Amino acid sequence: MIRDLGPDDLAAWRRIRAEGLRLFPDAFLTTLQEELARSDEEVAESLAGRLVLGAFDGDWLIGTAALDSVVEAAAAAHRVALNAFYVSTESHGTGIGTRLLRAALGRAATDGKLQVELFVAAHNAPAIRLYEKHGFVRHGLLPRAARLEDGFVDDLYYVRQLDG
């Protein structure tokens, strides 16, 4: 099942978010330390104020995808950013990533968005394959997008147009 997450999903979100940041620190701009420093109230408010989809296996949250405004401007209201896309390692290879991505694209279209944008670490081949398989087209490279303890990570910029 895939559904919107909200404040009642706080514990599940915190668990899966920490898992992703711990196992794949170079895939996200937020660090595990930054995430753990956020109060429950702050995280619950974030879940209440943004669209985060959750994929569940029974009651267990196994994947997430957030759709956020790219910028707060009327001229960019047709654009949305795919963020916090993560599938638990035990669910890799089960098709849940495909279902979650399709759900996010469908939700963006239902909400009247015309394009979905994302940044992905240039070395994250499995994620790149998933995005390209679902129609995302690479439009650029952001060198040194993130600075980690052991060096820099370049990001690739992808766009999926929903109206053509």
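Every value quoted in this text rests on a predicted model; they were computed, and no experiment measured them. (Residues numbered from 1 in each chain as written. Predicted model: local features only at pLDDT ≥ 70, side-chain atom pairs only at ≥ 80, totals over all residues. Heavy atoms only, no water.)

Draft legend 1. Summary view of the overall build of the protein. The helix and strand tally for the protein stands at five helices and seven strands. Its C-alpha atoms give the protein a radius of gyration of 15 Å, near enough to 15 Å, the size a compact globule of 164 residues would have. The C-alpha extent of the protein, read off along each of the three principal axes, is 40 × 40 × 35 Å. A buried classification covers 41% of the 164 residues belonging to the protein. Taking as baseline every contact in the protein between residues at least 6 positions apart, the subset at least 24 positions apart corresponds to 63%. Put simply, the protein has 18 plus and 24 minus side-chain charges, and the middle of one group is 6 Å from the middle of the other. (Helix = DSSP H or I, 4+ residues; strand = E, 2+ residues; numbered from the N terminus. Rg over C-alpha atoms; globule rule 2.2 N^0.38 Å. Buried < 20%, exposed > 50% of the residue type's maximum accessible area, 1.4 Å probe, protein only. Contact = heavy atoms within 4.5 Å. Lys, Arg positive; Asp, Glu negative; His and termini not counted. Charge placed at Lys NZ, Arg CZ, Asp CG, Glu CD.)

Draft legend 2. Inspection of the packing of helix α1 (residues 10-23) against helix α3 (residues 40-49) at higher detail. The contact between α1 and α3 brings their axes to 10 Å, and the two run at 100°. Here α1 is positioned roughly perpendicular relative to α3, judged by the angle of their axes. Across the interface between the two elements, L10, W13 and R14 from α1 touch D40, V43, A44 and L47 from α3. In terms of residue class, the contact of α1 with α3 is built from five nonpolar, no polar and two charged. (Axes fitted to C-alpha atoms, helices over the stretch in contact; angles between N-to-C directions. Parallel < 35°, antiparallel > 145°, perpendicular 65-115°, else oblique. Nonpolar A, V, L, I, M, F, W, Y, C, P; charged D, E, K, R; others polar.)

Draft legend 3. Summary view of the environment of H78. Along the chain, H78 turns up in the loop between β3 (60-69) and β4 (79-87). According to the relative accessible area criterion, H78 is partly exposed, its value standing at 30%. Taking the C-alpha atoms as reference points, H78 and D111, separated by 33 residues in sequence, lie 9.4 Å from one another. For H78, the residues in contact, after removing those within four places along its chain, are K113, L114 and Q115.

Draft legend 4. How the structure looks around the sheet that holds strand β7 (residues 151-161). Taking strand neighbours across the sheet as the criterion, the seven strands line up as β1-β2-β3-β4-β5-β7-β6 in an open arrangement whose pairing is mixed. The open sheet terminates on both sides in strands that have one partner only, identified here as β1 (2-4) and β6 (137-148). For this sheet, the mean inter-axis angle between neighbouring strands, taken without regard to orientation, is 25°. Two strands pair when backbone bridges link them, and strand β2 (residues 51-57) and β3 are joined in this way by seven bridges, in the antiparallel orientation. Across the sheet, residue F56 finds its bridge partner in β3, namely L61. The strands touched by helix α5 (residues 125-133) are β4, β5 (115-121) and β7; relative to β5, the strand with the most contacts, the crossing angle is about 160°. (Pairing = 2+ DSSP bridges.)

Draft legend 5. Local environment of helix α4 (residues 96-110). Here α4 is 15 residues long and its end C-alpha atoms lie 21 Å apart, about the 21 Å a rise of 1.5 Å per residue gives. Where α4 is concerned, the buried positions are I96, G97, T98, L100, L101, A104, L105 and A108. The first or second residue beyond α4 is G112, which carries a positive phi of 85°. (Expected span 1.5 Å × (residues − 1).)

Draft legend 6. Spatial organisation of the pattern of salt bridges. For the structure on display, the rule yields ten salt bridges. Here D4 and R107 are joined by a salt bridge, their closest N and O atoms 2.6 Å apart. With a gap of 103 residues between them, D4 in strand β1 and R107 in helix α4 connect regions that are remote in the sequence. Among the residues examined, R107 registers a relative accessible area of 26% and is labelled partly exposed. (Salt bridge = Lys/Arg side-chain N within 4 Å of Asp/Glu carboxyl O.)

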